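Working through the structure, step by step
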Amino acid sequence: MEKNISGIGELKISEDVIAKIVSVAVSEIDGVSGLATKGIITSKKNVAKGIKVEEKDGELSIDVAVMLNYGVKIHELGARIQDDVSRAVETMTGITPTSVNVYVQGVSFEGVAK
């Protein structure tokens, strides 16, 4: 991703850096048990533990595959993941993602009484 800085040059931010920002943002959200790779095309560049970052024609698209804890409200947590990821990327890079797509790949039952 390229960004012009104060007219004096360009700043290039690697898609891998953005993927790391996404990873940290998702890991800080209560109710997310982890990232998943199932369901995200792994032949594309920058798929790291369930995160795909793609820049095309100046637009930034982020796909995140997650495992959630049993008992969470999936629709609410999905919206929170989208908001937190978008905010983290924008705050740290100055780039607003065009889309943040969340793919819930499973539910973790760790810690659930049987």
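Quick note: structure is the one above.
Here's what I pulled together on the structure shown here. What you see is a predicted model; the values in this text were computed from it and never measured.

**Some remarks on the nonpolar core**
Among the nonpolar cores identified, the biggest contains 24 residues, and Ile18, Val22, Ile62, Ile81 and Val85 are the most heavily contacted of them. Taken together, the elements giving at least two residues each to this core come down to helix H1 (15-27), strand S4 (51-56), strand S5 (59-69) and helix H2 (74-93). Looking at which element gives the most residues to this core, the answer is H1, with six residues. Among all residues touching Ile62, those that are not within four sequence positions of it are Ile18, Val22, Lys52, Val85, Val89, Pro97, Ser99, Val100 and Asn101.

**As for the pattern of salt bridges**
Following the criterion strictly, the structure yields three salt bridges and no others. A salt bridge links Arg80 to Asp84, with the nearest nitrogen and oxygen atoms 3.2 Å apart. Of this pair, Arg80 and Asp84 both sit in helix H2, four residues apart, which is roughly one turn of that helix. In this structure, a network of salt bridges that share partners links the residues Arg80, Asp84 and Arg87.

**Details of unusual backbone geometry**
With a phi close to 55 degrees, Asp57 is a non-glycine residue in the positive phi region. Within the element layout of this structure, Asp57 appears in the loop between S4 and S5. Accessibility expressed as a relative area gives 73% for Asp57, which makes it exposed.

Each value, and the rule that gives it
Residues numbered from 1 in each chain as written. Predicted model: local features only at pLDDT ≥ 70, side-chain atom pairs only at ≥ 80, totals over all residues. Heavy atoms only, no water. Core = buried A, V, L, I, M, F, W, Y, C linked by side-chain atoms within 4.5 Å. Buried < 20%, exposed > 50% of the residue type's maximum accessible area, 1.4 Å probe, protein only. Helix = DSSP H or I, 4+ residues; strand = E, 2+ residues; numbered from the N terminus. Contact = heavy atoms within 4.5 Å. Salt bridge = Lys/Arg side-chain N within 4 Å of Asp/Glu carboxyl O.

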